[in-house]
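Remarks on the overall topology
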Amino acid sequence: MKYSDIYKSWQDDPEAFWMEQARAIDWDRAPTRALDDSRPPFYGWYPDAMVNTCFNAVDRHVLAGHGDRVAIIHDSPVTGTVSRTTFAELQDQCARLAGALLAKGVTKGDRVIIYMPMVPQALVAMLACTRIGAIHSVVFGGFAANELAKRIDDATPKAVIAGSCGIEPSRTVAYKPLLDAAIEQATHKPDFCIILQRDTLRADLIEGRDVDWHAAQDGVTPADCVPVEGTHPAYILYTSGTTGAPKGVVRPTAGHLVALNWTMKNVYNVNPGEVFWAASDVGWVVGHSYICYAPLIHGNTTVVFEGKPIGTPDAGTFWRVIQDHDVRVFFTAPTAFRAIRREDPNGEFLRKYDLSGLRALYLAGERADPDTVEWARAQLNVPVIDHWWQTETGYTIVGNPMGIEPLALKTGSPTVAMPGYDVRVLDEGGAPVPPGTLGAIAIRLPLPPGTLSTLWNAEERYHKSYLAHFPGYYETGDAGYIDEDGYLFVMARTDDVINVAGHRLSTGAMEEVLAAHPDVAECAVIGVADPVKGQVPMGFVCLSKGVDKPVAQIEKECIDLVRNRIGPVAAFHLVRVVDRLPKTRSGKILRATMAKIADGHDFKPPATIDDPAILDEIRATLAEIGYPAS
Ligand code: COA
Ligand code: AMP
């Protein structure tokens, strides 16, 4: 069948389409219907089904006779180790950790925070939670204690599972002191923590609260899979929004299983048994969907890579992993390719390896700039597929359905809407715009299975953030256009979210941190173009009257404050003290205009600008630090 036929079959009868896809999942009680539309604009999927995620990702493959097949390859250039875990071993490990959680009082519906580096035990922890119906929330290791504390207070976990350390190329990151500080700061206190001690840096355990990973499992009864309702949350994943309070995206169980399984063949064109590698981190949605769940549900081998595209040890490390583990399909963020290209522009490292098994490269997480896409295509000689999605959706909204029918690529476009998604471009008033016209990208409700059902403990915020602006639609927060052939082009965010090295961050959250500096009266943070990271944050601060500290000292304090409050992942290194910020007459700071000046883009100052001369001051400040870059 062709893509257009399949898309039409979904449009004609979404219920039949999603019931058909549900057949690939092993249910404890099969769904009798797909969509629950009893409470629009809130929707649910497979409401009367009973099912277990871990069973579908692990146990069923063992039962089908694939216990000896490798489920996880851990390739860790930062520790110089490679290890393999079969599906049978994974089942045993998940059952034992789940047993330990149960023995310590964690049951269905309880939350468990996971704060771990890229080790296979991170996947074991996620799967062990879903095995007993506990709801996990993985927190990325590059966040500071304060961010972890916010998530502890919002998710109110009964337990935290953490690694003793993460290993960055330049340093070992002690996770345990960050965890201790977070628990200290948080109002909610977890009952206990399970700590995986790594040889690189062992942690001191707090008696009565912390238990060693292995000791916790000693003598416990392995736990069986607990069937949960189709709409039961499998996990909460916090993502950046407009303010400093992260949004807890809730992922319901059944839709997650059905949709992710569907994507493996139809979007990525991999068959069970093949090796699939997403070079991301379990702390992000790509890591949830495509390091952990989708490959395992579909019976693929997944690669857990603990390293960076460059420097661990060199720009050839990705190619070595692809060769050594016979990776068929590879998925990463464009920023990784920009980093590699800068080190190895002629692909000399690449030619040292046999990449003949690789079928395609998939890029997502940020806009895939045409230059990087062309370079990757020329070097790898395989299709380079851009696809667009978000934490909220959990999988591809717009992509190239390689397993159905490879569609012609248009550089700069992630291609077309996948079945389940009715993607529209709207004007400010919510009316669809003609092809080629820029507008807000929105998706007609209901969103398909596998997408978020709400925000944790914040249904009103969910409604306000996504559903209120364009009634009947989900607002993606991205702007772009659809061309005459139905290809989408994603151009920019419409909110305060920026994308730094494929990591989604909130400039609003950084402004909240800067505003807390005692000498700062007012501030603005914008995203500016960066040749490797895509964007980096840049702060402008105005000081309170009478402050006589050296400006350089205040700027350094601001940088340290963001690093300590949000984390190194914010990559906040640029800040300038300025006299005034450009504003409209009603007092709104002109952040978008400042970003255009920094990036050297043409712009027309808004008619409502209060004092256009301030733009010249900002331009001069930017010029001092080399912006716009030539
Ligand atoms: N734990 C602790 N610290 C972390 C971390 C983690 N898991 N991940 C990143 N950090 C720290 C880094 O050590 C760095 O700290 P520093 O300021 O002391 O150097 C900081 O956070 C920024 O890290 P990063 O964004 O990784 O920048 P980098 O300059 O070290 O590397 C790239 C740049 C492009 C190589 C890297 O960002 C990369 O590989 N990106 C791919 C992104 C990706 O996979 N995104 C997921 C979406 S698909
Ligand atoms: P995250 O939730 O971290 O996955 O970030 C999602 C956001 O990243 C999207 O809303 C876009 O702004 C951006 N993004 C992700 N993939 C793409 C892509 N292929 N093209 C353009 N932007 C993308």
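Our subject in this report is the structure included herewith. What you are looking at is a predicted structure, and each value in this text was computed from that prediction instead of being measured.

Time to look at the overall build of the protein. Helices and strands together make up the secondary structure of the protein, namely 18 helices and 32 strands. For 630 residues, the compact-globule estimate of 2.2 N^0.38 gives 25 Å, and the protein sits close to it at 24 Å. Here the C-alpha coordinates of the protein stretch approximately 70 × 60 × 55 Å along the principal axes. Here the protein, with 630 residues, has 59% of them falling under the buried criterion. As displayed, the protein offers around 23,700 Å² of accessible surface, 50% of which is attributable to carbon and sulfur atoms.

So, about the sheet that holds strand β26 (residues 473–482). Taken together, the four strands give an open sheet; going across it, the order is β23-β24-β26-β27, and neighbouring strands pair in antiparallel fashion. Strands with a single pairing partner mark the edges of an open sheet, and in this sheet they are β23 (423–426) and β27 (488–493). The sheet shows a mean angle of 50° between the axes of neighbouring strands, direction not considered. Relative to β27, β26 runs antiparallel, the two being bridged by five bridges. The residue bridging Ile482 from the neighbouring strand is Leu488, located in β27.

Right, let's get into the site of ligand 2. Taken together, 15 residues lie around ligand 2, and Asp386, Thr391, Asp478, Arg493 and Arg504 are the ones closest in. At 3.5 Å, a backbone N or O of Glu366 approaches a nitrogen atom of ligand 2. Taking 490 Å² as the accessible area of ligand 2 by itself, protein coverage stands at 93%. A class-by-class count of the residues in the shell around ligand 2 yields four nonpolar, five polar and six charged.

To continue, consider the nonpolar core. In this structure, Tyr46, Leu127, Ile161, Tyr268, Tyr290 and Phe331 are the most contacted members of the largest nonpolar core, which totals 118 residues. Broken down by element, this core gets its largest block of residues, nine residues, from helix α10 (residues 285–297).

Inspection of the sheet shows strand β28 (residues 497–500) paired to strand β29 (residues 503–506) by four bridges, in the antiparallel sense. Bridging from a neighbouring strand, Val500 pairs with His503 of β29. The antiparallel pairing of β28 with β29 creates a hairpin that spans two residues between the two strands, and Ala501 there sits at a positive phi of about 55°.

This next bit is on the packing of helix α17 (residues 591–599) against helix α18 (residues 613–624). Put simply, α17 and α18 touch, their axes get as near as 10 Å, and they point 40° apart. Between α17 and α18, the interaxial angle falls into the category oblique. The element α17 and its partner α18 pack so that their crossing is right-handed. Together, Thr593, Met594, Ile597 and Ala598 of α17 and Leu615, Ile618, Arg619 and Leu622 of α18 make up the contact between the two elements. Considering only residue class, the contact of α17 with α18 consists of six nonpolar, one polar and one charged.

This paragraph deals with the site of ligand 1. Taken together, the neighbourhood of ligand 1 is formed by 23 residues, with Glu168, Arg171, Lys308, Pro309 and Arg563 sitting nearest. Separating an oxygen atom of ligand 1 from a side-chain N or O atom of Arg171 is a distance of 2.9 Å. Ala279 is positioned with one of its backbone polar atoms (N or O) 3.3 Å from an oxygen atom of ligand 1. Taken by itself ligand 1 offers 940 Å² of open surface, and the protein chains cover 83% of this.

What follows covers the packing of helix α12 (residues 334–343) against helix α13 (residues 370–380). The N-to-C vectors of α12 and α13 enclose an angle of 70°; their axes lie 10 Å apart at closest approach. If you check the angle between α12 and α13, you find them roughly perpendicular. Viewed along their axes, α12 and α13 form a crossing whose handedness is left-handed. On α13, the residues that touch Pro334, Phe337, Arg338, Ile340 and Arg341 of α12 are Asp371, Thr372, Trp375, Ala376 and Leu380. The residue makeup of the contact of α12 with α13, split by class, is six nonpolar, one polar and three charged.

Let's shift gears to the sheet that holds strand β16 (residues 275–278). Strand order in the open sheet formed by seven strands is β5-β4-β17-β16-β18-β19-β20, and the pairing between neighbours is mixed. Edge strands, defined here as strands with exactly one partner in the open sheet, are β5 (81–86) and β20 (384–386). The sheet shows a mean angle of 20° between the axes of neighbouring strands, taken without regard to direction. As paired strands, strand β4 (residues 70–76) and β5 are joined by six bridges and run antiparallel to one another. Its bridge partner being in β5, Asp75 is matched across the sheet by Val82.

We now examine the packing of aromatic side chains. Counted according to the given criterion, the structure contains 33 aromatic pairs. Note on Trp18 and Trp45: the rings are 6.4 Å apart at their centroids and 65° apart in plane angle, and the pair reads as edge-to-face. Of the two residues, Trp18 is situated in helix α2 (residues 14–21) and Trp45 in strand β2 (residues 42–45); the sequence distance between them amounts to 27 residues. Side by side, Trp18 and Trp45 carry an identical accessibility label, which is buried. Between Tyr290 and Phe331 the ring centres are 6.0 Å apart and the planes differ by 50°, which places this aromatic pair in the tilted class.

What counts and how
- Residues numbered from 1 in each chain as written.
- Chains lettered and ligands numbered in written order.
- Predicted model: local features only at pLDDT ≥ 70, side-chain atom pairs only at ≥ 80, totals over all residues.
- Heavy atoms only, no water.
- Helix = DSSP H or I, 4+ residues; strand = E, 2+ residues; numbered from the N terminus.
- Rg over C-alpha atoms; globule rule 2.2 N^0.38 Å.
- Buried < 20%, exposed > 50% of the residue type's maximum accessible area, 1.4 Å probe, protein only.
- Areas by Shrake-Rupley, 256 points an atom, 1.4 Å probe, with all protein chains shown as cover.
- Pairing = 2+ DSSP bridges.
- Axes fitted to C-alpha atoms, helices over the stretch in contact; angles between N-to-C directions.
- Near = heavy atom within 4 Å.
- Polar contact = N/O pair within 3.5 Å; in protein donor to acceptor, adjacent residues only side chain to side chain.
- Nonpolar A, V, L, I, M, F, W, Y, C, P; charged D, E, K, R; others polar.
- Core = buried A, V, L, I, M, F, W, Y, C linked by side-chain atoms within 4.5 Å.
- Parallel < 35°, antiparallel > 145°, perpendicular 65-115°, else oblique.
- Left-handed = near helix turned anticlockwise from the far one by under 90°.
- Contact = heavy atoms within 4.5 Å.
- Phe/Tyr/Trp six-rings, centres within 6.5 Å; stacked < 30°, edge-to-face > 60°.

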